Amino acid sequence: MQKRVSTTLFDKIWDSHVVKSLPDGSALVYLDRVFLHERTGSVALESLKAADHAVKNPRHAFATMDHIVDTLPGRGDKTLMPGGENYIRTMRRASNEANLTLFDIHHQDHGIAHLISAEQAITLPGLVVACPDSHTCTLGALGAIGWGIGTSDCEHALATQTLRGTKPKQMRVCFEGDLPPGVTAKDMILHLIAKYTASGAAGHAVEFAGSTIEHLPLEARFTLCNMAVEFSAFTGIIAPDQVVFDYLQNRNYAPKGELWEKAEAHWRELKSDSDAVFDREIVIKSEAIAPTITWGTSPQHAIPVDGKVPALNEAVDENERAAMKVALDYMGLNPGQPIEGLPIQGAFIGSCTNSRLSDLRAAASILNNHRVAPGVRAICTPGSAQVKRAAEQEGLDQIFLEAGFEWREPGCSLCFFAGGESFGIEERVITSTNRNFRGRQGRKTRSHLASPAAVAASAIAGEIVDVRKVNGR
Amino acid sequence: MKPFEQHIGVCADIPINNVDTDQIIPSREMNRVSKQGLGEGLFAGWRYLYEGTEKVGENSEFVLNKPAFANTSILLSAQNFGCGSSREHAVWALRDFGIRVIIAESFGRIFKNNCARNGILAIPLAPESIRHLREQTQHDPQTCLLSVDLAQLTITTPDGNPLSFDMPTFDREMLLKGLDYIDYTLQFESDIESFIKEDSNSRPWAHL
């Protein structure tokens, strides 16, 4: 009898989507869903039309407005960003012409692409989902392959319902044991990237596993998978379990009745075989992770919040030393200085990384009965209309507003230049987002990535604080 | 797409790791629903001087603004060039500016694909090879040109020694012939159709 070849979760999904293996070792891979946003999707749809290609399966194609749209209350098509309105109107017209389902600005289920793709159960376990956005890997938390692509590949995806790709190598990252108090999924992923660098998973799809992951709530799993791209992974994925099935059941696009039963039975088989071989394995002891924050301009520039900015001689080579020097200069920091206690002028909670209900609850529990320090501009942007409504039903909006936070409409917001807004020059900002790149949140703005709780605690203190000290207050 | 065969040009060095696509083109420079005319925004945060957020002139310190690097069409860099955001605007800006080849230790995955789709060669090379290219060109960039041959898969330095590089066979073919990716895939349309038919039977819940 032929021996069955052991396969990984990623293998199972990828292999079952191969339409055709091609002579160069690549494959034409079937896409279950394509999701667009107005910044990259508008160009893709326009360009597709100019080339006289139709969207192959509009029922499997969805779109939202999150990247360009304003998040100020009372917003419309106009944005502070020059030319922004064109993106929004082009996206609306092109989506309608192509018969895509569009979650437009005032749609009751509007929001950031990767949030609504989950909330609507557009993404299901075992699916391959493409989106012209690097954070599509977020959806790996549902046990799907989230495939981030560029605009040209998005045109290919829309026109053919496939992508051509070579199966990446595979890595498993096991987080084992309990997380210490005050430590979140955001700290886990920053810890991982700091240790293995921002290109640590280049060429690999990463499966997150281990006892910590098994006990991790779904919203935290989204945060973890979201930043797989910051680790240079092809994508991040977690085996779907009861937590995922309970979340998806009865949602808008989820299968119903008998079809659900069939689907769930199939999904229960979606896990790596116990003897599956990975090209690389990393094990992290979760108890050793501290609340983590970035000091520099790459997500790998991360340290425990009670640690010190590294010295230049800690760089592994001259290019990294050059990058560290530029980062220190940009951030206005000196090697060896503590990060705790740095005064801040901005605090932002939002983005596809950390803008879900549990993120807002964590921040609100710290903000309750406190005020943001004078001189700190604090903004909260819920990731979707559903999150916003749920938060308002719990009265979280009132806690944010009473603390002195702005309470925004859903969208990408100040994660970058969405709506045309930025933080100020040389302002230091603590942010629940995913990228601390130079200029990301404003010209010369100094961004420190951290968990929503750390953002809230620091906003009150007016300086970067260790959330563990606040929790005991 | 224009076929790519051989390119000879001036080469400029950006020797730091993790040059992300927010540096290549900041969000605020992506001001049109078009693939054209984005060259002005290339490396905007580095290339221009600002008062507040207003551009007030060119930053003479930035490599691409130095007279010695006029007409640069080849970039050298380090690890993970083009990481971060998937924005293809980064590649359109590079193309519009006149960049045809980027040589680095490694590239962001999506960025590298975007390059291939737009006729730009993204060539990964070992650090010591990049160091060699740097030594061969950077002291006199207008005279010491690099010659990149996609058909032969070689980069020739001013000392006449060719270095070989790898490129996925398919991307190379597409670039050499200037073929359209979508048209190429559509020849397999009947395979796609029969896959969808079978898959709707085996995974009906996945089909809306």
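For the structure itself, consult the block above.
Computed from a predicted model, the values in this text were never measured in an experiment. (Residues numbered from 1 in each chain as written. Chains lettered and ligands numbered in written order. Predicted model: local features only at pLDDT ≥ 70, side-chain atom pairs only at ≥ 80, totals over all residues.)

A. Fine view of the overall build of chain B. The number of helices and strands found in chain B is eight helices and nine strands. Going through the 208 residues of chain B one by one, you find that 42% of them count as buried. Partitioning the contacts of chain B with sequence separation of at least 6, the portion at a separation of at least 24 is 65%. (Helix = DSSP H or I, 4+ residues; strand = E, 2+ residues; numbered from the N terminus. Buried ≥ 20, exposed ≤ 12 C-beta atoms within 10 Å, placed from the backbone. Contact = placed C-beta atoms within 7 Å.)

B. Examining the overall build of chain A more closely. Within chain A one finds 16 helices and 19 strands. Relative to the globule expectation of 23 Å for 473 residues, the C-alpha radius of gyration of chain A, 22 Å, shows essentially globular dimensions. Taken along the three principal axes of its C-alpha coordinates, chain A extends 65 × 55 × 45 Å. For chain A, the residues scored as buried account for 60% of the 473 residues in total. Of the contacts formed within chain A by residues at least 6 apart in sequence, a portion of 75% connects residues at least 24 apart. (Rg over C-alpha atoms; globule rule 2.2 N^0.38 Å.)

C. Quick look at the nonpolar core. The biggest cluster of nonpolar side chains holds 204 residues, and the ones touching the most others in it are A:Val129, A:Ala363, A:Val455, B:Ile102 and B:Ile103. Among the elements that make up this core, the one with the highest residue count is helix α15 (residues 452–461) of chain A (eight residues). (Core = buried A, V, L, I, M, F, W, Y, C linked by C-beta atoms within 7 Å.)

D. How the structure looks around the pairing of strand β6 (residues 121–124) of chain B. Residue and element names in this part refer to chain B. When strand β5 (residues 101–104) meets β6, the two strands line up parallel, connected through four bridges. From the neighbouring strand, Ile103 faces β6, where its bridge partner is Ile123. Of the crossover connections in this fold, the one passing from β5 over helix α4 (residues 109–117) to the parallel β6 is right-handed. (Pairing = 2+ DSSP bridges. Right-handed = clockwise from strand over helix to strand, strands pointing away.)

E. Local environment of the packing of helix α6 (residues 185–196) of chain A against helix α8 (residues 218–226) of chain A. Residue and element names in this part refer to chain A. Between α6 and α8, whose axes approach to 8 Å, the crossing angle comes to 25 degrees. In terms of orientation, α6 lies roughly parallel with respect to α8. The element α6 and its partner α8 pack so that their crossing is right-handed. Facing α6, whose interface residues are Ala185, Lys186, Met188 and Ile189, α8 presents Ala220, Thr223 and Leu224. Looking at the contact of α6 with α8 residue by residue, the classes come out as five nonpolar, one polar and one charged. (Axes fitted to C-alpha atoms, helices over the stretch in contact; angles between N-to-C directions. Parallel < 35°, antiparallel > 145°, perpendicular 65-115°, else oblique. Left-handed = near helix turned anticlockwise from the far one by under 90°. Nonpolar A, V, L, I, M, F, W, Y, C, P; charged D, E, K, R; others polar.)

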